[in-house]
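Structural description and commentary
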Amino acid sequence: SILGQKVITLEKQCETSTIEKSLMAKEIDMLKEALNDATTSLRESEKNLCDYKLINEKMRTENTREKESLIKEHQENMSNSIESIKLDHSKELSQVRQASDKFVEDEKEKNLQINKNLNDQLKSVQEELSRLKLSHESIKKECFTLRDERGQMTVETW
């Protein structure tokens, strides 16, 4: 009977051991499946990482090209602006020169007219002075004539 009990106990232990083995096999299968899922997920993550790296590099290249394009466009715009400013300044300078030349011409004309007027006035004054000299000479002669006739009047007192 003790032997029978030991056999029963051993059978029970074998059953328990078989159940445990079965449970462990199921657990191992689940762990293998989880490992396969994790490996698949890791491979997808690695692939995504490579894709992101390629996209990032492509974007860097595009950004660099875009920046270079923007810089080139900005330089062209600045160059065009500078040329436009130079052209505007050239036009303004030309206008200032024309205005200056016109002013100089106008001033020359005014000065010529003033000189002509002054020369005319000088001529008129010279003519008046000549007329006054003639008149003075005539008066002097008349004074001498009067002095001669009367004998008492002199040029100095007249």
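Look up: the structure comes first, before these words.
Residues numbered from 1 in each chain as written. Predicted model: local features only at pLDDT ≥ 70, side-chain atom pairs only at ≥ 80, totals over all residues. Heavy atoms only, no water.

A separate point is the overall build of the chain. Scanning the chain for helices and strands turns up one helix and zero strands. When the 158 residues of the chain are sorted by exposure, 1% land in the buried category. Of the accessible surface of the chain, which amounts to about 14,900 Å², a share of 56% is contributed by carbon and sulfur atoms. (Helix = DSSP H or I, 4+ residues; strand = E, 2+ residues; numbered from the N terminus. Buried < 20%, exposed > 50% of the residue type's maximum accessible area, 1.4 Å probe, protein only. Areas by Shrake-Rupley, 256 points an atom, 1.4 Å probe, with all protein chains shown as cover.)

Scanning the entire structure with this criterion turns up eight salt bridges. With a shortest N-O distance of 3.3 Å, Asp51 and Lys47 are connected by a salt bridge. A residue pair is termed a helical-turn pair when its members lie 3 or 4 positions apart in one helix, as Asp51 and Lys47 do in helix 1 (residues 2-150) at four residues. Given the relative accessible area of 52%, Lys47 is considered exposed. (Salt bridge = Lys/Arg side-chain N within 4 Å of Asp/Glu carboxyl O.)

A word on a nonpolar patch on the surface. Together, Tyr52, Ile55 and Met59 line one region of the surface with nonpolar side chains, adding up to about 340 Å² of accessible area. Summarising the element assignment, Tyr52 is placed in helix 1. (Patch = residues over 30% accessible without salt bridge, like charges linked within 9 Å, V, L, I, M, F, W, Y side chains within 5 Å.)

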